[in-house]
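# Architecture and fold: a report
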Amino acid sequence: MATTTSTATKATDASTAYSQLNSSTATTTASKMQEASDQFLKLLVTQMQSQDPLNPMDNAQVTSQMAQINTVSGLGTVNESIKAMSAQLLQMQAMQGASLVGNSVVVPGNTIDVSGGSGTGHFELGGPADAVKVEVLSSAGRVVDTLDMGAETSGRHSFNWTPAEGVTDAGGFRFRVAATSGTANVTATTLMRDQVSAVSSTGTGGLSLQLKSGTTVAYSDVRAFGG
């Protein structure tokens, strides 16, 4: 009876250690995972040495627990590897982002940068359109000019605009795009060209670009580089 009681106690201890290990989350450190694994194995060996010969442990259960121990330990190793890879990827993105400083990018926006007597705007269509119209606006929102672009395919397009004589605006010009296919509207996204002045991390594994115009955009929002 004494042997049976000791075996039951040790079985409970081993089961508790196993449960603690099996409930470990992906954030458990590698050292704690190893410590829990070692504790379980020591208790399991002790339990097997003192088991009741007339009531031996279930081999299938032991095998299953050992397999799960290896799985949990493996997940801890994989988690650490993913963390290391993520850190390296972020460093590579930061280096790539730093090389963009001073270069121009095309990003969502509706500003027309008029220089040298003319300006350029960009837009992106979600589908083909048989009628595309661009309206140039003053900083107060008044329409100062309208451009008929005709039919356009889906994708990114550009246009040049030259202000009429005497048309100026210290607040800058903006634009909007209306596109239709038959009687249906076509999604049109206005884009603008700007210059990257700085790059920073978003804290969530991404990069954000500070632009010359004072706006900030996500690296993933950039439609084109240069040009």
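### Some words on the packing of aromatic side chains
In this structure the tally under the stated criterion is four aromatic pairs. The interplanar angle of 75° and the centroid separation of 5.1 Å between the aromatic rings of Phe-159 and Phe-175 together place this pair among those described as edge-to-face. Of this pair, Phe-159 sits in strand E6 (residues 155–161) while Phe-175 sits in strand E7 (residues 173–181), placing them 16 residues apart in sequence. A residue is classified by how much of its surface remains accessible, and Phe-159, at 5% relative accessible area, is buried. In this structure Phe-175 comes out as buried when scored by relative accessible area, which is 1%. With 6.1 Å between their ring centres and 40° between their planes, Tyr-219 and Phe-225 make a pair best called tilted. One aromatic cluster in this structure is built from Phe-123, Phe-159 and Phe-175.

### So, the pattern of salt bridges
Counted according to the given criterion, the structure contains three salt bridges. The salt bridge involving Glu-124 is made with Arg-223; its shortest N-O contact spans 3.1 Å. Placement of the pair is Glu-124 in strand E3 (residues 119–125) and Arg-223 in the loop between strand E11 (216–218) and strand E12 (224–225), with a sequence separation of 99 residues. Looking at Glu-124, the relative accessible area reads 24%, which means it is partly exposed.

### Structural notes on the nonpolar core
Counting 15 residues, the largest nonpolar core has Ile-112, Phe-123, Val-132, Val-134, Phe-159 and Trp-161 as the members making the most contacts within it. Listing elements by their share of this core, those giving two or more residues are E3, strand E4 (129–137), E6 and E7. Residue contacts for Val-132: discarding those within four places in its chain leaves Phe-123, Leu-125, Leu-147, Asp-148, Met-149, Gly-150, Glu-152, Val-177, Ala-178 and Ala-179. With nine residues, the next largest nonpolar core counts Val-196, Leu-209, Leu-211 and Val-217 among its residues.

### Let's talk about the side chain of His-157
Looking at the element boundaries, His-157 is found in strand E6. A polar contact is formed between the side chain of His-157 and the side chain of Glu-152, at a distance of 3.4 Å. With sequence-adjacent residues up to four places away left out, His-157 is seen in contact with Gly-121, His-122, Phe-123, Leu-125 and Glu-152.

### As for the confidence of the model for the protein
In the predicted model, the protein carries a mean pLDDT of 78, and 61% of its residues have values of at least 70. Model confidence for the protein, summarised as mean pLDDT per element, is weakest for helix H1 (residues 2–22) at 50 and strongest for E4 at 97. In this model residues 1–8 is a low-confidence stretch, pLDDT under 50, and it forms five contacts with partners more than four residues away in sequence or in other chains.

### Notes on the pairing of E7
Note: strand E2 (residues 111–112) against E7, two bridges, orientation antiparallel. Paired with Ile-112 across the strands is Phe-173, a residue of E7. Two elements, E4 and E7, share seven bridges in a ladder whose sense is antiparallel. When the bridges of E7 are listed, Ala-131 appears paired with Thr-180. Direction of pairing for E7 relative to strand E8 (residues 184–185): antiparallel, over a ladder of two bridges. Its bridge partner being in E8, Thr-180 is matched across the sheet by Asn-185. Counting the residues that bridge the hairpin from E7 to E8 gives two residues, and of these Gly-182 lies at a positive phi of roughly 70°.

Calculation criteria
Along each chain, numbering runs from 1 in the same order as the chain's sequence is written. Confidence filtering applies because this is a predicted model: local features only for residues at pLDDT of at least 70, side-chain atom pairs given and counted only at 80 or more, and all residues used for totals across whole chains, interfaces and linings. Remark: hydrogens and water are excluded; side-chain values derive from all non-hydrogen atoms of the structure. Any pair of Phe, Tyr and Trp rings, taking the six-membered ring for Trp, is counted once the centres come within 6.5 Å. Such a pair is stacked with planes under 30 degrees apart, edge-to-face with planes over 60 apart, and tilted for the rest. Only DSSP runs of H or I with at least four residues qualify as helices, and only runs of E with at least two residues qualify as strands; both kinds are numbered from the N terminus onward. Summary of the burial criterion: residues with accessible area below 20% of their type's maximum are buried, those above 50% are exposed, and those between are partly exposed, where the area comes from a 1.4 Å probe applied to protein chains only. Put simply, a salt bridge is a Lys or Arg side-chain nitrogen that is within 4 Å of an Asp or Glu carboxyl oxygen. Nine residue types can take part in a nonpolar core, namely buried Ala, Val, Leu, Ile, Met, Phe, Trp, Tyr and Cys, and a core is a set of them joined through side-chain atoms within 4.5 Å. We call two residues contacting when some pair of their heavy atoms lies within 4.5 Å. Polar contacts here mean pairs of N or O atoms no more than 3.5 Å apart (in protein, one a potential hydrogen donor and the other a potential acceptor; neighbouring residues in sequence count only if both atoms are side-chain atoms). The predictor rates its confidence in each residue with pLDDT, a number between 0 and 100. Strand pairing follows a simple DSSP-based rule, namely that at least 2 bridges must link the two strands.

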